[in-house]
Amino acid sequence: MSVVILTVAVWFSQIILALAMMLVAYRLFIGPRAQDRILALDMLYVCAMLQLLVFGVRTGNAIFFEAALIIGMLGFVATVSLAKFLMRGEVIE
Amino acid sequence: MWSSEWLILLVGLPFLGSLLTALLPSHSRSAANWLAGAMALACFGIAISAYSSVTDGMVVRHQVEWVPHLGLSLTLRLDGFAWMFSMLITGIGALVILYARYYMSPKDPVVRFYALLLAFMGAMQGLVVSGNIILLAVFWELTSIFSFLLIGYWHHNQAARDGARMALTITGAGGLCLLAGMVLLGQIVGSYDLDVVLQSGDLIRASDLYLPTLLLILAGALTKSAQFPFHFWLPNAMAAPTPVSAYLHSATMVKAGVFLLTRFWPVLSGTDAWFFIVGFAGLSTLLIGAYFAIFQHDLKGLLAYSTISHLGLVTTLLSLGSPLAAVAAIFHMVNHATFKASLFMAAGIIDHEAGTRDMRRLSGLFSFLPITATLAMVASAAMAGVPLLNGFLSKEMFFAETLEQHRASVLDTVTPYVATIAAAFAVTYSIRLIHTVFFGPRASDLPKVPHEPPRWMRLPIELLVLACLVVGTIPGLSIGSYLDTAVVSVLGDATPVYSLSIWHGFNLPLAMSIVALLGGIVLYMALKSYLDWCEEGPPIFRRLKGQRIFERILVAVSWRWARVAERFLGTRRLQPQLRLIVVAAILAGVWAMWGARHLAPQLTISGVDPVLAMMWLVGGGCAVAAAYQAKFHRLAALIFLGVAGLVTCITFVWLSAPDLGVTQLLVEIVTTVLILLGLRWLPKRDDQIERHGFWVRLRRGRDFFIAVIAGAGMALLAYYMMMTPLPPSVGDYYLQHAYSEGGGTNVVNVILVDFRGFDTLGEIVVLAVVALTVFALLRRFRPAEDNSELPYQQREQNEYDSIQRDREVGETLKDYLLVPSVIMRWMFAAITLLAAYLFLRGHDLPGGGFAAGVAMAIGFLLQYLAGGTRWVEERLRIRPVQWIGFGLLAATATGLGSLTVGYPFLTSYFQYTEVPFIGGVPTASALFFDLGVFSLVVGATVLMLVAIAHQSLRAPKARPDRAVAERAAVEQGES
């Protein structure tokens, strides 16, 4: 029984996450401001991280953990530098 | 028995000497001379000692494997013919070095001269003893390159530069043809080994590829030996120092062509094509060279054309296809080398002593330099073919051969007449040389008062002239057996009976000689007064200069055609260029795949993972959006690109390539920052450019169409590739042996650092080179006018700060970044830990040196982001170049380490090490290699990013200057 619950849960969360990504992508497409797009990118990074973790649960394999770890630790760098670019017009002063 | 290892020494010593000489300090003239002379003499000694091993058609071979499965080996092979050439190369080389000691001016950088001369000697020596025809082509090109450097030795002189470039262009192009010819020859025979090739004459002549092979090889030989119509580079090469001319243009370089013709004479000759092509080139060269030589005013010019003519004689002999003619050709090569080298040296002495080489100014030098004059006279007589000198003997043999019928044709019929006329011309220019220079009234307006040169400067000429005399008077005793050795090694069983005696009785060849001698004298008498005042060059052909034609062609090819090609194919703008490339790629793909449909597996859409499909929708949409926005919204396009990359990484993970996914994610992040850094310096968009409208839409629609086709095609190909079951490949081997051989379970990493470690070493070297290049280029980078000032955001924020009474400039930034910058700084430790984690587990699990290096670089990058360049560099000294250097050293040292314990380069060693508290830790020597990769990647990435980041520091410095200058200009205008 618990296997069924887990399977359903994993599938459900994956679909939900993918839907979230599509919704975020919609924001990314229509913008309208650059700030919206940067936030959307950050959100996509987070979704991708979660998606990878759930994928690891689904396959029962810990090998996908590193990719999620890297997104978690370093994914914000892209967001930060984009934000800094918006704020100051250049990334490194 | 002479050991075959000596052959390596024979070829290697000159190169070694060249290297040693080049390392000498530039003022050590005497040391360089002694070193070069000693090397040449040592080689000469080795060559002499080899004689007993090459008689009677014996061959010494020494083989070192190079790329055996391609049939390439470093085979050295000395037979009688090569031995004879070795004697000429090393012997005359030693004499030339002695001569150059006195010839070269104290102002010349002689160290370079001797180094180049020795290197050339090595290349020439390698050429004659090559036992592999590809190796032969390699040495052939080497002689072209070193002769280029030697001809252009006085590079402050325009004529020397032009002459050198022309020689390189022509002989280099010939060399390329030769290489192609050699490859064809190898294809016909099935081996590149010279011995095998020489035994396959019938096979080669019967082959369909015979004609192209012949043409290509002839193109090489005829250009090198300055045969018509490629003869014109040789006179222009006379801008070289005279020792170079004496060496290259009498004894060695130009002889390489006829050497090659003789070498392949047994397998290529005897056909109509050979007879007509080689015969035509040889005969016309013989005649044209001799005719042109008469009308030269420059001593060296006369000798150059005479050399061309004599080489034509040798070529003609080789074209005839009869063994006797080949004997005469070999004999004449030696004779010509001796008398022409001595004549060049004599011309050098005259130039050196009198200060000019113009025959119209030289006159009556006999009373100034009687000994040199006598020597030059003997050598010229040999050149003219006067009896009792060596030139006479080979010329007689030549006459005798021309009289024989070889192949009934016009060419064959005219040969004796042309030969006689050319011989008469030779007599004319020889007499002219001697008569105008040494006799007549004593010249009074010479730049210098000539006197005899130092004794040692004359010695080389004396020795060579002595050789002419000895061979001319007692040929059988002096050169007979050596010539026989050379001839037997070329002709083998076909060696004819020939006689070297001086007197053959009254026969037709003797009559031809007498006619030529008398005719030459009469012609000189008739032309004498004309020659004293005429322009340089023969009467009718004066205007038809090969040099001019060559230059015209060069201009057309390298300037006009290049311009045309650039106009049609090239563009200064990136977008049309990309369009061309993509369209070409599509066409190439279609062309390659045409008709291969049956190979394709069925497209199926079953078993789709809906989650992945949805993410792909996002990624694909973003990719298209990136393309759509790239034109007008760079930042938006960059964000879209980031998402497309992210989805790609997820796909890698999904399709079970976690290692690739990890690395790609890191690269994705760094790339985003890198492009952002560059975005700051891109020129601003021109508002004049139309954004909407019919034509814009049409253009963008067309590009979209092209992009869709290219992308879909690529996707389709990738899909087919992945769906096609692979045959057993090297990949399976790697999968099976990764742990047992490389000690790692992460196959990708084991491949990178172990199985294909050498590739990785090459790749990281390239990475280092790229990083350094980017760094060097950016040092000189100056931003465009419109974005050299501060971005408007910063200006506004600074203005706000300066207006507020209680704020300082820069406080806005500080406020905004207060929290993020603390986080970013503190993340440094965590990221370092992550990098260490990725690095250490790389051998078994996803990670590795490259991923760890990029992660570490991101750590550094964050510090720059948080605090700015100044803040970071006040606190932390990152030395990217040292990181790169350490990385290269560590990787190479790991590779070399395996050599010390007797394994091939980069063999890895693996074991478990006991570490307290942790237990058995897998340690492979590949870990140190990976450490090198790590260090190098950190260094290279940081170096490139920091180089761009530093632009912002640099730009403000330039600004005040210009503002001050502008203000000054305005004030000046006002006052």
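In this text the structure is predicted, and so the values were computed from the model without any measurement. (Residues numbered from 1 in each chain as written. Chains lettered and ligands numbered in written order. Predicted model: local features only at pLDDT ≥ 70, side-chain atom pairs only at ≥ 80, totals over all residues.)

Structural notes on the overall build of chain B
Looking only at helices and strands, one finds 37 helices and four strands in chain B. Buried residues in chain B amount to 46% of all 975 residues. Sequence separation of at least 24 residues holds for 78% of the intrachain contacts in chain B that already meet a minimum separation of 6. (Helix = DSSP H or I, 4+ residues; strand = E, 2+ residues; numbered from the N terminus. Buried ≥ 20, exposed ≤ 12 C-beta atoms within 10 Å, placed from the backbone. Contact = placed C-beta atoms within 7 Å.)

Quick notes on the overall build of chain A
A tally of helices and strands in chain A yields three helices and zero strands. Going from N to C terminus, chain A has its helices and strands arranged as α-α-α. Taken over 93 residues, chain A has a buried fraction of 47%.

Observations regarding the interface of chain A and chain B
Think of interface size as the accessible area that goes away when the parts come together; that is how it is often given. Of the residues lining the interface, 40 residues belong to chain A; the matching set on chain B comes to 53 residues. Of all elements in the fold, only α1 (2-30), α2 (34-59) and α3 (65-88) of chain A reach the threshold of two or more residues within the side of chain A that touches chain B. Partitioned by chemical class, the residues of the side of chain A that touches chain B number 30 nonpolar, four polar and six charged. (Nonpolar A, V, L, I, M, F, W, Y, C, P; charged D, E, K, R; others polar.)

Considering α3(A)
Residue and element names in this part refer to chain A. With 24 residues, α3 extends 35 Å between its outermost C-alpha atoms, agreeing within 8% with the 34 Å of an ideal straight helix rising 1.5 Å per residue. Approximately 45 degrees is the largest bend angle found in α3, and it occurs at Met73. For α3, a buried count of 18 out of 24 residues is recorded, marking the element as mostly surrounded by other parts of the structure. Phi for Gly89, located one or two positions after α3, is positive at around 85 degrees. (Expected span 1.5 Å × (residues − 1). Bend = angle between axes of the 7 residues up to and from the residue.)

Side note on the packing of helix α32 (residues 757-779) of chain B against helix α36 (residues 880-900) of chain B
Residues and elements named next belong to chain B. At a minimum axis separation of 11 Å, α32 and α36 run at an interaxial angle of 165 degrees. With respect to α36, the element α32 is oriented roughly antiparallel. Seen from above, α32 lies across α36 with left-handed handedness. Residues Gly757, Leu761, Ile764, Val765, Ala768 and Ala771 of α32 touch α36, and the partners they reach there are Ile884, Gly887, Leu888, Ala891 and Gly895. Of the residues that constitute the contact of α32 with α36, the class distribution is eight nonpolar, three polar and no charged. (Axes fitted to C-alpha atoms, helices over the stretch in contact; angles between N-to-C directions. Parallel < 35°, antiparallel > 145°, perpendicular 65-115°, else oblique. Left-handed = near helix turned anticlockwise from the far one by under 90°.)

A few points about the packing of helix α1 (residues 6-23) of chain B against helix α4 (residues 110-129) of chain B
All names here are of chain B. One way to put it is that α1 packs onto α4 with a least axis distance of 8 Å and a crossing angle of 165 degrees. Here α4 runs roughly antiparallel to α1, going by the angle between their axes. Read as a crossing pair, α1 and α4 show a hand that is left-handed. Contact residues: Leu7, Leu10, Val11, Pro14, Phe15, Gly17, Ser18, Thr21 and Ala22 in α1; Val111, Tyr114, Ala115, Leu118, Ala119, Met121, Gly122, Gln125, Gly126 and Val129 in α4. The residue makeup of the contact of α1 with α4, split by class, is 13 nonpolar, six polar and no charged.

Some remarks on the pairing of strand β2 (residues 72-78) of chain B
Note: strand β1 (residues 60-67) of chain B against β2(B), seven bridges, orientation antiparallel. Within β2(B), the position partnered with B:Val67 by the bridge is B:Leu72. (Pairing = 2+ DSSP bridges.)

Here we look at the environment of B:Lys631
In this structure, B:Lys631 sits in the loop between α26 (610-629) and α27 (634-654). When the C-alpha atoms of B:Lys631 and B:Arg691 are compared, they prove to be 9.3 Å apart, with 60 residues separating the residues in sequence.

What about the nonpolar core?
By size, the foremost hydrophobic cluster in this structure holds 210 residues, and its most contacted members are B:Ile151 and B:Ala379. Broken down by element, the residue count for this core peaks at 20 residues, all from helix α16 (residues 323-354) of chain B. Setting aside its immediate chain neighbours within four residues, B:Ala379 contacts B:Phe339, B:Ser342, B:Leu343, B:Ala346, B:Val465 and B:Cys468. If you look at the next biggest cluster of nonpolar residues, it comprises 116 residues, including A:Val24, B:Ala636, B:Val673 and B:Leu943. (Core = buried A, V, L, I, M, F, W, Y, C linked by C-beta atoms within 7 Å.)

Examining the environment of B:Phe280
All names here are of chain B. Take Phe280: it is sitting in helix α14 (residues 272-294). What makes Phe280 partly exposed here is the crowd of 16 C-beta atoms within 10 Å. When the C-alpha positions of Phe280 and Ser319 are compared, they lie 8.7 Å apart, and in sequence the two are 39 residues distant.

With respect to the UniProt feature "transmembrane region" (unreviewed entry) in chain A
All names here are of chain A. Here, UniProt's "transmembrane region" (unreviewed entry) annotation points to residues 6-26, 38-57 and 63-87. Spanning residues 6-26, this segment combines 100% helix with 0% strand, and its end C-alpha atoms are found 30 Å apart. Taken end to end, residues 63-87 has its terminal C-alpha atoms 38 Å apart, with 92% of it in helix and 0% in strand. (UniProt positions renumbered as here; feature names shortened; annotations may be inferred.)

Brief notes about unusual backbone geometry
Residue and element names in this part refer to chain B. Geometrically, the link from Phe228 to Pro229 is a cis peptide bond, its omega value of 5 degrees lying close to zero. The phi angle at Leu388 is positive, at roughly 75 degrees, despite the residue not being glycine. Tracing the backbone shows Leu388 in the loop between α17 (370-384) and α18 (390-403). By C-beta crowding, Leu388 is classed as partly exposed, having 14 other C-beta atoms within 10 Å.

Structural notes on the confidence of the model for chain B
Residues at a pLDDT of 70 or more form 94% of chain B, whose mean pLDDT is 85. Model confidence for the complex is summarised by a pTM of 0.69, with the ipTM given as 0.97. (pLDDT = per-residue confidence, 0-100.)

Considerations on helix α23 (residues 508-533) of chain B
Residue and element names in this part refer to chain B. Here α23 contains 26 residues, and its C-alpha end-to-end distance of 38 Å stays within 8% of the 38 Å for a straight helix at 1.5 Å per residue. At Leu527, α23 shows its maximal bend, which comes to roughly 50 degrees. Taken residue by residue, α23 has Pro509, Met512, Ser513, Ala516, Leu517, Gly520 and Tyr524 as its buried positions.

Overview of the environment of B:Thr648
All names here are of chain B. Mapped onto the secondary structure, Thr648 falls in helix α27. With 17 C-beta atoms packed within 10 Å, Thr648 lands in the partly exposed category. The spatial distance from the C-alpha of Thr648 to the C-alpha of Gly619 is 7.5 Å, given a sequence separation of 29 residues. Thr648 has contacts with Gly619 and Gln664, leaving out every residue within four places of it along the chain.

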